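Descriptive analysis of the structure
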Amino acid sequence: MEERQGVTHHVMDHVDWTDTYDMQRFAREAQTAIDDILRRGKVPIIIGGTHYYLQNLLFHNKTVGAEVKRTRPITEAERAILDGPGDQLWPALQQVDPVIAEKFHPQDHRKLRRALEIYYETGAAPSQLYRDQKLEELEQSSLKFNSLLFWVYSDREVLVPRLDARVDKMMASGARDEIREMYQVYQQSGASDCTSGVWQVIGFKEFLPWLESGEASGDAWAEGIERMKSRTRQYAKYQVKWIKRLLGVELQKEARFNWVNGGKMYLLDATDLSQWSTRVRDRGVAIASEFIARSPITEPQAPPHLEHILPSEEYLATITSGKTLEGARQWKHFQCDICKDSHGNPLVSVGEEQHRLHMKSRRHRSTKHKLEKQRLGQRPYAAPKRTNSKLLTDDDDVNET
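Predicted model only: the values in this text are computed from it and were never measured.

**A word on the packing of aromatic side chains**
- For the coordinates displayed, the defined rule picks out nine aromatic pairs.
- On the basis of an interplanar angle of 75° and a centroid distance of 5.3 Å, the ring pair of Tyr186 and Trp199 is categorised as edge-to-face. Note that Tyr186 is positioned in helix α8 (residues 156-189) and Trp199 in the loop between α8 and α9 (208-212), a separation of 13 residues in sequence. In this pair, the class of Tyr186 matches that of Trp199, namely buried.

Below, the structure written as structure tokens:
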């Protein structure tokens with residue numbers, strides 16, 4: 001509470017750990033808060049968060065089925081598929097809409113379930129709904145609000161130690177007790193894994209080996225901290241890729257409407273915290289003040305030394321996004337026969353570009369090299385399983401449930 005400095009925060013600290021909290025509920029609650037703030041003559045400020053939640057809040061039609069109306073009830077047989085084993089979702093979706101099925105990873109159960117649910121509720125193929133939405137984007141701005149976006153940026157070599165220090169601070173501030181409390185609720189809830197609900201968060205599942213050992217292993221606790229740090233760094237890297245490759249593509253589309261609803265993104269350099277007051281606070285206030293006054297913004301979108309960080313029009317032109325009208329042409333599964341996912345199955349990439357990136361990755365090269373050594377008669381080798389089966393794809397646009 002002290003860190004909030006008296007500023008009222010909304011849509012937080014109000015959901016029980018055992019409650020299901022989905023994007024639809026978030027969008028409703030956030031929209032209610034935004035409407036209330038605007039009625040009082042204030043400016044709502046949306047901070048951080050999961051990218052697909054933000055997409056749904058800021059844009060029209062950025063998640064398939066976000067604004068469709070239910071036309072029929074879901075049958076018991078359909079509900080059994082939706083609530084049954086996750087491995088039956090992709091075959092079921094492939095049967096009713098093979099086009100959209102190719103858009104999602106077979107293990108991305110959340111998006112597969114939502115796509116199936118859309119079909120069951122409307123009788124319409126999600127792939128056709130997706131195409132209709134993209135046609136609408138050619139006619140009008142997709143932003144719901146007159147929006148100004150800030151990217152608080154830090155060089156990665158500075159950001160990584162900060163992220164690690166943040167985890168250490170959480171541990172020193174009582175995180176161990178909160179993890180224990182979560183584990184008690186986890187056991188009482190009957191949850192069998194950490195693939196849904198609050199159990200997916202970074203900072204719980206990493207400590208399951210320690211918790212399941214009865215907290216007897218100091219090594220398991222230390223390993224949990226290292227896993228938490230590693231996954232926090234991975235997530236931060238993924239967020240940067242999302243800003244450049246996905247959010248950047250969506251915002252650039254606003255140029256054809258002369259930025260009628262805003263949509264430009266401004267970079268604030270937080271690399272050197274001793275320069276925070278000038279590079280972040282003062283620059284941010286100056287930009288926001290001109291935006292609120294509906295005056296032309298005189299500040300550049302990025303300071304000269306960081307102009308290369310913001311995605312340029314030339315860079316965006318090279319992105320083969322699955323979020324365009326012709327995006328369905330890129331929806332295809334590619335399988336790597338030597339790398340394995342977390343279930344020991346051949347690794348699947350969604351889209352040719354992601355498959356190409358995987359084939360060039362250090363992980364693939366290392367696996368290939370070790371298998372070659374095995375073939376030449378050296379010690380046996382088992383391809384490592386992927387600890388996180390979610391790949392970076394362009395498929396974060398199905399309205400989750």
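**Topic: helix α2 (residues 51-58)**
- Within α2, eight of the eight residues are buried, leaving the element largely enclosed by the surrounding structure.
- All of the buried residues in α2 are His51, Tyr52, Tyr53, Leu54, Gln55, Asn56, Leu57 and Leu58.
- Turning to α2, the residues buried within the fold contact α1 (23-39), α6 (109-122) and α10 (218-252).

**Overview of the packing of α8 against α10**
- The contact between α8 and α10 brings their axes to 10 Å, and the two run at 135°. With respect to each other, α8 and α10 are oriented oblique. In this structure, α8 crosses over α10, and the sense of that crossing is right-handed. Packed against α8, whose contacting residues are Arg156, Leu159, Val160, Leu163, Asp164, Val167, Asp168, Met170, Met171, Arg176 and Ile179, the element α10 presents Trp221, Ile225, Met228, Lys229, Thr232, Arg233, Ala236 and Lys237 at the interface.
- Class assignment of the residues belonging to the contact of α8 with α10 gives a composition of 11 nonpolar, one polar and seven charged.

**Focus: the nonpolar core**
- Formed by 25 residues in total, the largest nonpolar core has its most connected members in Trp151, Leu247, Met265 and Leu267.
- Elements with a contribution of two residues or more to this core: α1, α2, β1 (147-153), α10 and β2 (262-269).
- Sort the elements by how many residues they give to this core and α10 lands first, with five residues.
- Apart from residues no more than four positions distant in its own chain, Trp151 is found in contact with Val240, Ile243, Lys244, Met265, Tyr266, Leu267, Leu268, Ile309 and Leu310.
- Counting 19 residues, the second largest nonpolar core, distinct from the first, contains Ala175, Ile179, Trp199 and Phe204.

**Details of the packing of helix α4 (residues 89-96) against α6**
- Direction vectors running N to C along α4 and α6 enclose 40°, while the axes themselves pass 9 Å from each other. Taken together, the axes of α4 and α6 are oblique relative to one another. Two packed elements cross with a definite hand, and for α4 against α6 that hand is left-handed. In this structure, α4 uses Leu89, Trp90, Ala92, Leu93 and Val96 to contact α6, whose residues at the interface are His109, Leu112, Arg113, Ala115, Leu116 and Tyr119.
- Looking at the contact of α4 with α6 residue by residue, the classes come out as nine nonpolar, one polar and one charged.

**Describing the environment of Asp269**
- Structurally, Asp269 can be placed in strand β2.
- With relative accessibility at 4%, the residue Asp269 sits in the buried group.
- Residues Asp269 and Trp151, spaced 118 residues apart in sequence, show a C-alpha to C-alpha distance of 8.5 Å.
- Contacts of Asp269, omitting those with residues within four sequence positions, involve Tyr153, Arg279, Val280, His305 and Leu306.
- Within polar-contact distance, the side chain of Asp269 engages the side chain of His305 at 2.8 Å.

**Overview of the confidence of the model for the protein chain**
- Looking at the protein chain as a whole, the pLDDT averages 83, with 86% of positions reaching at least 70.
- Taken element by element, the protein chain is modelled with least confidence in helix α12 (residues 313-318), mean pLDDT 69, and with most confidence in helix α11 (residues 276-292), mean pLDDT 97.
- Taken together, the stretch residues 387-401 has pLDDT below 50 and engages in 72 contacts with residues farther than four places along the chain or on a different chain.

**Thoughts on the state of the cysteines**
- Under the counting rule described, the total for this entry stands at zero disulfides.
- Sulfur of Cys336: no disulfide; nearest cysteine sulfur belongs to Cys339 and is 3.8 Å away.
- Exposure remark for Cys336: the relative accessible area of 4% places this residue in the buried category.
- Since its relative accessible area comes to 0%, Cys339 is described here as buried.

**Re the pairing of strand β4 (residues 346-350)**
- Within β4, four of the five residues are buried, leaving the element largely enclosed by the surrounding structure.
- Of the pairings in the sheet, the one linking strand β3 (residues 333-340) to β4 comprises five bridges and is antiparallel in character. The residue bridging Cys336 from the neighbouring strand is Leu347, located in β4.
- The turn linking β3 back onto β4 is made up of five residues, and Gly344 within it adopts a positive phi angle of 80°.

The rules we used
- Residues numbered from 1 in each chain as written.
- Predicted model: local features only at pLDDT ≥ 70, side-chain atom pairs only at ≥ 80, totals over all residues.
- Heavy atoms only, no water.
- Phe/Tyr/Trp six-rings, centres within 6.5 Å; stacked < 30°, edge-to-face > 60°.
- Helix = DSSP H or I, 4+ residues; strand = E, 2+ residues; numbered from the N terminus.
- Buried < 20%, exposed > 50% of the residue type's maximum accessible area, 1.4 Å probe, protein only.
- Contact = heavy atoms within 4.5 Å.
- Axes fitted to C-alpha atoms, helices over the stretch in contact; angles between N-to-C directions.
- Parallel < 35°, antiparallel > 145°, perpendicular 65-115°, else oblique.
- Left-handed = near helix turned anticlockwise from the far one by under 90°.
- Nonpolar A, V, L, I, M, F, W, Y, C, P; charged D, E, K, R; others polar.
- Core = buried A, V, L, I, M, F, W, Y, C linked by side-chain atoms within 4.5 Å.
- Polar contact = N/O pair within 3.5 Å; in protein donor to acceptor, adjacent residues only side chain to side chain.
- pLDDT = per-residue confidence, 0-100.
- Disulfide = S-S within 2.5 Å.
- Pairing = 2+ DSSP bridges.

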